[in-house]
Amino acid sequence: MYTVTIQTGGQTLSLPAAPGALLSDLLRQAIPSFALPCGGNHTCGKCLVRLSGAVPAPSASDLRLLTASALADGIRLACSCKVEGDLTVTLHAAGAAKIVAWNKTIPFARTETGYGLAVDIGTTTVAMQLFDRASGQVLAEQLAENAQRGYGADVISRIEACKTAGLDVLSARIRDQLEDMAAACLQDAGIDHIDEAVVTGNSTMLHLYEGLDPASLAVVPFAVQSYFGCTSRHTLAGAPVYLPRCVGAYVGADIVCAILAAGMDTGGVQLLTDIGTNGEIALMRDGRLTCCSTAAGPAFEGAGLSCGMPATAGAIRAVGRQDGRVVYETVQGAAPCGICGSGILDALAVMLDTEAIDDAGYMDEDYTIGDSGVTVTQRDVRQIQLAKSAICAGILTLLEEAGLEADAVDRFIIAGGFGSSMNVDSACTIGLFPQALGVKTDFIGNGALGGAAMLLMNRSLRGQSEQLAQAAAEISLSASPAFMDAYVDCMSFMTF
């Protein structure tokens, strides 16, 4: 047996390792926050570690994804690094990612008393708030990256991980994380119990929380084990847990909660989108709710981009032009070290304006953002094209199915962490949204968490949300010729 010493954030861990053990497996067990965005498939190049001691020769993935200087400096990809002797692993001490908990809900009556937890399990992040249910006051809050992130950045990676690592492992990861977060909330608030919790999330996250096999969600006909809208078989902080109802395999309880928070049944034509690794879109017209989902992938969260990163210190969050110069802002004003989702939208808008890329997304050479040293590559542009085309085509297909043009929408609601930080003008410029929606935008923040809080404090809304989800029509974009046509058209960087 060899000894692997892990150094991270001022902490040192020593682990035994069998010869040939994969370093990413050791890190995934010892450091739950260690991220493997591509699930260990050797494609994203993000699981960087610095090694000393018995440093193995570069793997084929290392040679393909890392520079010669990085390799010479002992940098390797954890997903392809095998232990060949005693090894010291130094992890980059990343700052805390910006996780959105703020939300805007319509006014609602509070009918419950006591204390309760509202939870949104996102694929990337988890947000929890402790409420005094009678007053609506937030007593404590915990925000964290999803502890399953070592098994991939998207739901398909997590589903595949259930086959290899095991469903029980991924289920325990999220339930244990919520228990730890709940304990921290109770301690911060100085109380010793809660009366109930509401836990929302997309269909895959709720399957994993409940311990239900999500394998059928990834294959046609995308059957679900449960639509939920029920009490969980698990407790949280010793209290019963209500799980809101989902619409289908890829339109989850999180979008139903966001619809509730936004008050989309107040009249007119209302369109909502929550852009994450799985872009969910909902259209309400004359009391009729139609939904769809589209696989945007994790590019808008920084994964898969050459200099991509979450919205942590040093991430370029905004890009613009001033007096003929390209200027940028970073998270916390720190020295630039990468770019997050809102920054890449701005960067592409500037690149289009300065003709660094053409409408087809072609570029002659890598583009450096001002004097930051942070670059955008041709592959990065293609990744964003795929993601933004999926979202815009989903919106256009949903509108076409309803016989509507974009300018017929009265209110365009954007939910989610990425949405709350984006520049809508940049989004419309690159064709992420139809141009007509830009002036009708209403940001509601973490609508899923807001809707969960409403269900926590008003029990009668649960039946309402269940009926809403059950009556909703879901359009399967994978079987829609209109979507495929729009997807191809939306690939270009043009306004729609």
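Relevant structure appears above.
Since this is a predicted model, take the numbers as computed values, not measurements.

Calculation notes
Residues numbered from 1 in each chain as written. Predicted model: local features only at pLDDT ≥ 70, side-chain atom pairs only at ≥ 80, totals over all residues. Heavy atoms only, no water. Helix = DSSP H or I, 4+ residues; strand = E, 2+ residues; numbered from the N terminus. Rg over C-alpha atoms; globule rule 2.2 N^0.38 Å. Buried < 20%, exposed > 50% of the residue type's maximum accessible area, 1.4 Å probe, protein only. Contact = heavy atoms within 4.5 Å. Areas by Shrake-Rupley, 256 points an atom, 1.4 Å probe, with all protein chains shown as cover. Lys, Arg positive; Asp, Glu negative; His and termini not counted. Charge placed at Lys NZ, Arg CZ, Asp CG, Glu CD. 1 Å grid on protein atoms, 1.4 Å probe; cavity = no way out; pocket = protein on both sides within 12 Å on 5 of 7 lines; lining within 4 Å. Points joined across faces, edges and corners; volume = space filled by probe spheres on them. Nonpolar A, V, L, I, M, F, W, Y, C, P; charged D, E, K, R; others polar. Salt bridge = Lys/Arg side-chain N within 4 Å of Asp/Glu carboxyl O. Polar contact = N/O pair within 3.5 Å; in protein donor to acceptor, adjacent residues only side chain to side chain. Phe/Tyr/Trp six-rings, centres within 6.5 Å; stacked < 30°, edge-to-face > 60°. Pairing = 2+ DSSP bridges. Axes fitted to C-alpha atoms, helices over the stretch in contact; angles between N-to-C directions. Core = buried A, V, L, I, M, F, W, Y, C linked by side-chain atoms within 4.5 Å. Parallel < 35°, antiparallel > 145°, perpendicular 65-115°, else oblique.

A few words now on the overall build of the protein chain. Helix and strand counts for the protein chain stand at 13 helices and 22 strands. For 496 residues, the compact-globule formula gives about 23 Å, and the C-alpha radius of gyration of the protein chain, at 23 Å, lands near that figure. Expressed as a percentage of the 496 residues in the protein chain, the buried residues total 56%. Considering only contacts within the protein chain whose residues lie at least 6 apart along the sequence, 67% involve residues at least 24 apart. Accessible area of the protein chain: about 19500 Å², with a carbon and sulfur share of 50%. The centroid of the 29 positive side-chain charges in the protein chain is displaced by 3 Å from the centroid of its 51 negative side-chain charges.

Further remarks concern the layout of surface pockets. Unfilled space is identified by rolling a water-sized probe across the atoms. Estimated volume of the second largest pocket: approximately 620 Å³. For the second largest pocket, the lining is made up of 26 residues, of which Y250, N278, S293, T294 and A295 are closest to its centre. A total of 4 residues in the lining of the second largest pocket trace back to one element, the largest contributor, which is strand β14 (residues 288–295). When grouped by side-chain class, the residues that make up the lining of the second largest pocket number 16 nonpolar, 8 polar and 2 charged.

Turning to its location among the elements, E280 is positioned in strand β13 (residues 278–285). Here E280 sits buried without a salt bridge, and the closest side chain of opposite charge, R245, lies 13 Å off (N-O distance). A polar atom in the side chain of E280 sits 3.0 Å from the backbone nitrogen of G252. Each residue touching E280, except ones within four places of it in the same chain, is listed here: N202, Y250, V251, G252, D254, I255, L272, T273, D274, C292 and S293.

This model, assessed by the stated rule, comprises 3 aromatic pairs. Aromatic side chains F412 and F433 sit 5.0 Å apart centroid to centroid with 80° between the ring planes, which places their arrangement in the edge-to-face category. In this pair, F412 is assigned in strand β20 (residues 411–415) and F433 in the loop between α10 (424–429) and β21 (441–445), connecting sequence segments 21 residues apart. Judged by centre distance (5.9 Å) and plane angle (35°), the rings of F483 and Y487 are tilted.

This part takes up the sheet that holds strand β17 (residues 338–339). A sheet is described by the order of its strands in space; here 3 strands give the open sequence β16-β15-β17, paired in mixed fashion. Strands with a single pairing partner mark the edges of an open sheet, and in this sheet they are β16 (325–330) and β17. Sheet strands touched by helix α7 (residues 341–353): β15 (315–322), β16 and β17. Its angle to β15, the strand with the most contacts, is close to 25°.

With respect to the helices and strands, the residue L65 is situated in helix α2 (residues 60–65). Measuring from C-alpha to C-alpha, the distance between L65 and A249 comes to 34 Å, with 184 residues separating the pair along the chain. In contact with L65, not counting residues within four places along its chain, are H42, T43, G45 and L77.

Turning our attention to the environment of G417. For G417, the position within the fold is in helix α9 (residues 417–421). On the basis of relative accessible area, G417 is assigned to the partly exposed category, the value being 34%. Distance in space between the C-alpha atoms of G417 and W102 is 9.3 Å, their sequence separation being 315 residues.

So, about the environment of G279. Positionally, G279 belongs in strand β13. In this structure, the C-alpha to C-alpha distance between G279 and A313, residues 34 residues apart in sequence, is 26 Å. Sequence-distant contacts of G279, defined by excluding residues within four places in its chain, comprise D274, C292, S293, T294, A296 and I391.

Side chains that differ in sign of charge can pair as their charged atoms come close. Applying the stated criterion across every chain yields a total of 10 salt bridges. Note that D353 is salt-bridged to R321, the shortest N-O span being 2.9 Å. Of the two residues, D353 sits in helix α7 while R321 sits in strand β15, which places them 32 residues apart along the sequence. For D353, a relative accessible area of 51% gives the class exposed. Connected via shared salt-bridge partners are E112, R133, E196, R459 and R462.

Turning our attention to empty space enclosed by the protein. One pass over the full model with this rule turns up 1 cavity of 30 Å³ or more. Here the largest cavity defines a volume of roughly 40 Å³. For the largest cavity, the full set of lining residues is V155, N202, S203, T204, A249, Y250 and N278. Grouping the amino acids of the lining of the largest cavity by side-chain chemistry returns 3 nonpolar, 4 polar and no charged.

A word on the nonpolar core. Judged by nonpolar contacts, the single largest core of 58 residues is most densely connected at L432 and F433. Going through the elements one at a time, β13, β15, α7, α8 (378–401), β20, α10 and α13 (481–489) are the ones with two or more residues in this core. With residues up to four places along the chain from it excluded, the contact list for F433 reads T273, I275, I391, C392, I395, F412, I414, M422, A427 and C428. If you look at the next biggest cluster of nonpolar residues, it comprises 40 residues, including V126, I191, V241 and Y250.

Below, the discussion takes up the packing of helix α6 (residues 253–262) against helix α11 (residues 447–457). Between α6 and α11, the least distance of the axes is 7 Å, while the angle of their chain directions is 75°. What the angle tells us is that α6 and α11 run roughly perpendicular. Two secondary-structure elements touch here, α6 through D254, C257, A258, L260 and A261 and α11 through G447, A448, G450, G451, A452, M454 and L455.

Turning to the sheet that holds β21, a few remarks are in order. In space, the 6 strands of this open sheet follow the order β21-β20-β12-β13-β14-β22, with mixed pairing throughout. What marks the edges here is a single partner per strand, and that holds for β21 and β22 (473–474). Packed onto the sheet, α8 meets β12 (270–274), β13, β14 and β20 and runs at close to 20° relative to β13.

A separate point is unusual backbone geometry. In the segment running from V220 into P221, the intervening peptide bond is cis, with an omega of 10°. Relative to the helices and strands, P221 resides in the loop between α5 (203–210) and β10 (228–236). Of note, E355 is a non-glycine position whose phi angle comes to about 60°, a positive value. Structurally, E355 is set in the loop between α7 and β18 (367–368).

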